[in-house]
Amino acid sequence: MSEKYIVDHKLLKTLAAAAAVKIQADDFNTGAHLKVFAVPRGGVPAALAIGNELNRKIRLVDDVAHADIIIDDLVDSGATMARYDKPFYVLVDKREPEWAGKWIVWPWEAGSDGDVEDNVRRLLQFVGEDPNRGGLLETPARVAKAWLEWCAGYAQDPADILKVFEDGADGYDEMIVVRDIPFYSKCEHHMADIFGTATIAYIPNPDAPRIVGLSKLSRLLDVYARRLQVQERLTAQVADSLMEHLKPKGAGVVIKARHMCMESRGINKQGSSTVTSALRGVFKTEPDTRAEFMSLTRD
Ligand SMILES: [Zn+2]
């Protein structure tokens, strides 16, 4: 999760004053009022805050065509800004290094969890539901909690899981395999379910064997699965993490998964699995090792 940055009223005033200075420097000569289109929703409080610091009066307009300038609370990627061809002002530009990667919480956003729940309520309305219907009253809070679990991997470090034990592993250089480990993930394109199984293997380096308990392999898989993913990256991350932390002779990962964004919508490819593999070290360079591992991944 990105770092949460709480903006208080004092900082808000400073940011608004800085934006006001820029607007004044651009010197819009537009009669009694400066006409402002405020981008929904955060642009409205941002425009009011900036208006307080300006040396002239502003008027909010509903139609962007009648505006002299546009105000939003922040610029993320610049995509929103690119939709407007008028002077655009914000309180915070996240493309600037000091704001990059920060999750900004404005004074008008009561609390971050509340925001997420508001967004779920809006999603319920968007799909045609009534968020005030009895059965849905607790849904936004449940959804927020569930997503924290589904994405718990962001807060976990594979290095903590791959704590090594070396006792009794001297000279061991056989393939260690755990087959068909179930996992649940979400695709980063639709936030829809990806689920399936993974087969994970590695061969310790006999000169410096680093071995982990077998359950650690499924926990490692979970660290990466409990994030927004594409299957290829998930497969590669598990293999690369084993290589980095166990320094084995090689590692192999094969993932077989179903993607609900493909099966339940769009092209409706029902019941089909996608198979991806990542082979590292001797799993890639030694045909025998590769063949042994691949035979273990077949049904
Ligand atoms: Zn998808």
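If you're wondering where the values come from, they're calculated on a predicted model, not measured in any experiment. (Residues numbered from 1 in each chain as written. Predicted model: local features only at pLDDT ≥ 70, side-chain atom pairs only at ≥ 80, totals over all residues.)

Caption draft 1: View of the overall build of the chain. Looking only at helices and strands, the chain features 11 helices and 11 strands. In terms of overall dimensions, the chain is more spread out than a globule: its C-alpha atoms have a radius of gyration of 26 Å, far above the 19 Å expected for 299 residues. When its C-alpha atoms are laid out on the principal axes, the chain stretches across 85 × 45 × 35 Å. Contacts in the chain between residues at least 24 apart in sequence constitute 69% of all its contacts with a sequence separation of at least 6. (Helix = DSSP H or I, 4+ residues; strand = E, 2+ residues; numbered from the N terminus. Rg over C-alpha atoms; globule rule 2.2 N^0.38 Å. Contact = placed C-beta atoms within 7 Å.)

Caption draft 2: Region of the structure containing helix 8 (residues 231–246). Between its first and last C-alpha atoms helix 8 spans 23 Å; for 16 residues at 1.5 Å apiece the expected length is 22 Å, and the two agree. If you check which residues of helix 8 are buried, you get Leu234, Thr235, Gln237, Val238, Ala239, Ser241, Leu242 and Leu246. In the segment just after helix 8, lysine 247 is the residue with positive phi, at about 45°. (Expected span 1.5 Å × (residues − 1). Buried ≥ 20, exposed ≤ 12 C-beta atoms within 10 Å, placed from the backbone.)

Caption draft 3: Representation of the packing of helix 7 (residues 214–225) against helix 8 within the structure. Contact geometry for helix 7 and helix 8: axes closest at 10 Å, N-to-C directions at 135°. Between helix 7 and helix 8, the crossing angle belongs to the class labelled oblique. For the crossing formed where helix 7 meets helix 8, the hand is right-handed. Taken together, the residues of helix 8 that come into contact with helix 7 (itself represented by Leu220, Leu221, Tyr224 and Ala225) are Leu234, Gln237, Val238 and Ser241. (Axes fitted to C-alpha atoms, helices over the stretch in contact; angles between N-to-C directions. Parallel < 35°, antiparallel > 145°, perpendicular 65-115°, else oblique. Left-handed = near helix turned anticlockwise from the far one by under 90°.)

Caption draft 4: The arrangement of the sheet that holds strand 7 (residues 176–187) in detail. Here five strands make up an open sheet; going across it, the order is 9-7-8-10-11 and the pairing mixed. Strands at the two margins of the open sheet, each flanked by one partner only, are strand 9 (228–229) and strand 11 (274–281). One ladder, built from nine bridges, connects strand 7 with strand 8 (residues 193–203); its direction is antiparallel. Bridging across to strand 8, lysine 186 finds its partner in aspartate 193. Across the sheet, helix 7 touches strand 7, strand 8 and strand 9, and the angle it forms with strand 7 is around 20°. (Pairing = 2+ DSSP bridges.)

Caption draft 5: Structural view of the nonpolar core. Ala198, Ile200, Leu220, Leu221, Val238, Ala251 and Val253 are the most contacted members of the largest nonpolar core, which totals 32 residues. Contributions of two or more residues to this core are made by strand 7, strand 8, helix 7, helix 8, strand 10 (250–259), strand 11 and helix 10 (282–285). What alanine 251 contacts, discounting residues up to four positions off in sequence, is Ala201, Tyr202, Ala239, Leu242, Met243, Arg280, Gly281 and Phe283. (Core = buried A, V, L, I, M, F, W, Y, C linked by C-beta atoms within 7 Å.)

Caption draft 6: Inspection of the sheet that holds strand 5 (residues 88–93) at higher detail. Pairing is parallel in the open sheet, where four strands are placed in the order 3-2-4-5. Strand pairing shows two members of the sheet lacking a second neighbour, strand 3 (58–60) and strand 5, which therefore form its edges. Across the sheet, the mean angle from the axis of one strand to that of its neighbour is 30°, orientation sign disregarded. Both strand 2 (residues 34–38) and strand 3 contribute to a ladder of three bridges, which runs parallel. Its bridge partner being in strand 3, lysine 35 is matched across the sheet by arginine 59. Each of strand 4 (69–75) and strand 5 is contacted by helix 1 (residues 9–26), which is oriented at about 150° to strand 5, the strand it contacts most. Sheet strands touched by helix 2 (residues 43–53): strand 2, strand 3, strand 4 and strand 5. Its angle to strand 4, the strand with the most contacts, is close to 110°.

Caption draft 7: Here's a closer look at the packing of helix 1 against helix 2. At a minimum axis distance of 8 Å, the contact between helix 1 and helix 2 shows a crossing angle of 70°. Overall, the two elements helix 1 and helix 2 adopt an arrangement that is roughly perpendicular. Between helix 1 and helix 2, the residues in contact are Leu12, Ala16, Ala17, Ala19 and Ala20 and Ala49, Ile50, Asn52 and Glu53, respectively. Across the contact of helix 1 with helix 2, the residue classes break down as seven nonpolar, one polar and one charged. (Nonpolar A, V, L, I, M, F, W, Y, C, P; charged D, E, K, R; others polar.)

Caption draft 8: Structural detail: helix 1. Helix length check: helix 1, at 18 residues, gives a terminal C-alpha distance of 26 Å against a target of 26 Å (1.5 Å per residue), a fit within 8%. Looking at the buried positions of helix 1, the neighbouring elements they touch are helix 2, strand 4 and strand 5. Looking one or two places after helix 1, you find aspartate 27, whose phi comes out positive at around 55°.

Caption draft 9: Quick look at unusual backbone geometry. Of note, the bond from proline 40 into arginine 41 is cis; its omega dihedral lies within 30 degrees of zero at -15°. Within the secondary structure, arginine 41 is located in the loop between strand 2 and helix 2.

Caption draft 10: Representation of the environment of serine 241 in the model. Inspection of the secondary structure assignment puts serine 241 in helix 8. For serine 241, a count of 20 C-beta atoms within 10 Å gives the class buried. Between the alpha carbons of serine 241 and alanine 159 there is a distance of 8.3 Å; along the sequence they are 82 residues apart. When near neighbours in sequence (up to four residues on either side) are disregarded, serine 241 contacts Pro158 and Leu220.

What is shown is where atoms sit, not what they do.
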